[in-house]
Amino acid sequence: MENQLIKGNVVAGDENKMKPLEGQMSALPDLFQAIPKVELHRHLEGSLRFETLRELARIHGLNLPPTAQLREMVQIGPNEPMTFVNFLSKFSTLRLFYRTPEIISRITQEAIADAAQDNVRYLELRFTPVALSKSQDFPLAEVMDWVIEGAKIGEKKYGVTTRLIASVNRHESLALAAQVAYLAQERISQGIVGLDLAGNEADFHAETFAKLFQSAHEKGLHITVHAGEWGPGDNIYHAIEHLRAERIGHGIRVFESQPALDLAKRSGTAFEVCVTSNYQSGAVSSLSAHPLPKMIEEDLAVTINTDDPSISQITLSDEYRLVHQQMGIGTSELRRRILAAARSAFLDSTENMQLVKRIGQEFDTVLAAHSKV
Ligand code: ADE
Ligand code: ZN
């Protein structure tokens, strides 16, 4: 069980142990790939193609270790400690690669190309301006404009409706976060729709950022906060009540806190759950310990996401396959999860309704085609 989530989720031989669900659905290899998907929680910095990293290292003369060792520095391997410290350490290496405006635009476009390949129809890509600016000390405003430009090109070229979320780390300074929030507010009309709080939840409380997030919300940015991932369930209550979070990143410790559970239900707050990431970062000890089925049973607005696809070596299709085959989530429930994601998108209400309608119709078409086989 422990190794199931390494590399494509399923260890050879495990296929036979999977429960077939809802008739013959799980016998159809491409269903999870084929269904139209909505991704609400994907970090740009965790989406860099490994081949691109190697190419950039070559072009820019970066003195990097051989391939296998480099892989270990940016991806989760089978023999690593499944801890948030190890998980977050991958981002320190990744920060070395953001060396020119062209690279930042390119990796943004490639993230959208990869989403398109995976039949993601709507993508909210979050990016961390402070991380992208680090290696060359780029001005934050320029970095944000390069991502915006890359996203516009990628959206047009690959046909994935794309919106951006500016992300700040709670283990970095409030002053930097304030600059990012201000610059994001200025760029709402250019596709930055939200502000996210990420980073080391175990050691840094969100309280420091409460006023900033309240103000950003009042200025028109949607809010999502990583909470109840590596920190206690109470953090979910705090994020909704004090940071105005409309969505929670992960939130898998919600059952630790009755006030958080009650408030999330009352407010319809969506949960951006990322199963493989949760296992690899030590937020859950095993797949069977993951609360996703219970969160669905409790009628929370659960959505399924990747978090950092290249660090985890997964696609969103892999995650849908995983929850279907290993956690007993049937295809009609998958449909509900995708529609929950569409409903929770940081779009205006008309766009939201259109997205829900379009995704629902396409899902039904794909499922009907697969059922005929
Ligand atoms: N940054 C990237 N992935 C993250 C995660 N899972 N939790 C907090 N911060 C992150
Ligand atoms: Zn995340």
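Residues numbered from 1 in each chain as written. Chains lettered and ligands numbered in written order. Predicted model: local features only at pLDDT ≥ 70, side-chain atom pairs only at ≥ 80, totals over all residues. Heavy atoms only, no water.

Q: Any details on the overall build of the protein? Residues and values, ideally.
A: Regarding its fold elements, the protein presents 17 helices and eight strands. For the protein, whose C-alpha radius of gyration is 19 Å, the value lies close to the compact-globule estimate of 21 Å for 373 residues. Along the three orthogonal principal directions, the C-alpha set of the protein runs to about 55 × 50 × 40 Å. Within the span of the protein, comprising 373 residues, buried residues form 59% of the whole. Within the protein, residue pairs in contact and separated by at least 24 positions form 76% of the contacts whose partners lie at least 6 positions apart. When the accessible surface of the protein is summed, it comes to about 14900 Å², and 51% of that surface belongs to carbon and sulfur atoms. (Helix = DSSP H or I, 4+ residues; strand = E, 2+ residues; numbered from the N terminus. Rg over C-alpha atoms; globule rule 2.2 N^0.38 Å. Buried < 20%, exposed > 50% of the residue type's maximum accessible area, 1.4 Å probe, protein only. Contact = heavy atoms within 4.5 Å. Areas by Shrake-Rupley, 256 points an atom, 1.4 Å probe, with all protein chains shown as cover.)

Q: Can you explain the site of ligand 1? Please cite residues and give values.
A: Inspection of the region around ligand 1 gives His 43, Phe 87, Phe 91, Ala 198, Gly 199, His 226, Glu 229, Trp 230, His 250, Ser 277, Asp 307 and Asp 308 as its neighbouring residues. Here a nitrogen atom of ligand 1 and a side-chain polar atom of His 250 are 3.4 Å apart. Within the shell around ligand 1, the residues separate by chemical class into four nonpolar, five polar and three charged. (Near = heavy atom within 4 Å. Polar contact = N/O pair within 3.5 Å; in protein donor to acceptor, adjacent residues only side chain to side chain. Nonpolar A, V, L, I, M, F, W, Y, C, P; charged D, E, K, R; others polar.)

Q: How would you explain the sheet that holds strand 1 (residues 37-43) if you had to name every residue and give the values?
A: The strand order across the open sheet built from eight strands is 1-2-3-4-5-6-7-8, with neighbouring strands paired in parallel fashion. Strands at the two margins of the open sheet, each flanked by one partner only, are strand 1 and strand 8 (301-304). Direction aside, the axes of adjacent strands within the sheet are offset by 25 degrees on average. Pairing analysis gives six bridges linking strand 3 (residues 161-169) to strand 4 (residues 192-198), with the strands arranged parallel. Each bridged residue has a counterpart across the sheet, and for Leu 164 the counterpart in strand 4 is Ile 192. The sheet strands contacting helix 10 (residues 234-242) are strand 5 (222-227), strand 6 (247-250) and strand 7 (270-273), and the helix crosses strand 5 at an angle near 165 degrees. Lying over the sheet, helix 15 (residues 316-327) contacts strand 1, strand 2 (120-127) and strand 8, oriented at roughly 110 degrees with respect to strand 1. (Pairing = 2+ DSSP bridges. Axes fitted to C-alpha atoms, helices over the stretch in contact; angles between N-to-C directions.)

Q: Could you give an account of the coordination of the zinc ion (ligand 2), naming the residues involved and the relevant values?
A: Only His 41 (NE2), His 43 (NE2), His 226 (NE2) and Asp 307 (OD) from the protein reach the zinc ion (ligand 2) as donors, at distances of 2.1 to 2.2 Å. Angles of 83 to 163 degrees at the metal separate the four donor atoms of the zinc ion (ligand 2), which places the site in the irregular class. Site description for the zinc ion (ligand 2): donor spacing in sequence, H-x1-H-x182-H-x80-D. Residue His 41 is located in strand 1, and its partner His 226 is located in strand 5; the two are separated by 185 residues in the primary sequence. For His 226, a relative accessible area of 4% puts it in the buried group. (Donors = N, O, S within 2.8 Å, 3.2 Å for Na, K, Ca; no water. Tetrahedral: all angles 85-135°; square planar, octahedral: opposite > 155°, others 65-115°.)

Q: I'd like to hear about the packing of aromatic side chains, residue by residue, with values.
A: For the structure on display, the rule yields three aromatic pairs. With a centroid separation of 5.2 Å and an interplanar angle of 25 degrees, the aromatic rings of Phe 84 and Trp 230 are classed as stacked. Taken as a pair, Phe 84 in helix 4 (residues 84-94) and Trp 230 in the loop between strand 5 and helix 10 lie far apart in primary sequence, 146 residues in all. We note that Phe 84, like Trp 230, is buried. (Phe/Tyr/Trp six-rings, centres within 6.5 Å; stacked < 30°, edge-to-face > 60°.)

Q: Could you give me a rundown of the confidence of the model for the protein, with the residues and numbers involved?
A: Low-confidence regions, as indicated by low pLDDT, have predicted coordinates that should not be scrutinised in detail. For the protein, the average pLDDT comes to 93, and 92% of its residues sit at 70 or higher. Predicted confidence is poor over residues 6-27, with pLDDT under 50, and the contacts of this stretch with residues over four places away or in other chains come to 41 contacts. (pLDDT = per-residue confidence, 0-100.)

Q: Go over the side chain of Lys 37 with me, naming the residues and quoting the values.
A: Its location among the elements puts Lys 37 in strand 1. For the buried Lys 37, no salt bridge exists, and the shortest N-O distance to an oppositely charged side chain is 4.6 Å, to Asp 118. Within the local environment of Lys 37, its side chain forms a polar contact with the backbone oxygen of Phe 32, the two atoms lying 2.7 Å apart. (Lys, Arg positive; Asp, Glu negative; His and termini not counted. Salt bridge = Lys/Arg side-chain N within 4 Å of Asp/Glu carboxyl O.)

Q: Report on the packing of helix 7 (residues 140-158) against helix 8 (residues 174-186), specifying residues and quantitative values.
A: Packing of helix 7 against helix 8 brings their axes to within 10 Å, and their N-to-C directions diverge by 45 degrees. As judged from the angle between their axes, helix 7 and helix 8 are oblique. The handedness of the crossing between helix 7 and helix 8 comes out as right-handed. Listed contacts from helix 8 to Leu 140, Ala 141 and Met 144 of helix 7 are Leu 176, Gln 179, Val 180, Leu 183 and Ala 184. Each residue belonging to the contact of helix 7 with helix 8 can be placed in one class, and the counts come to seven nonpolar, one polar and no charged. (Parallel < 35°, antiparallel > 145°, perpendicular 65-115°, else oblique. Left-handed = near helix turned anticlockwise from the far one by under 90°.)

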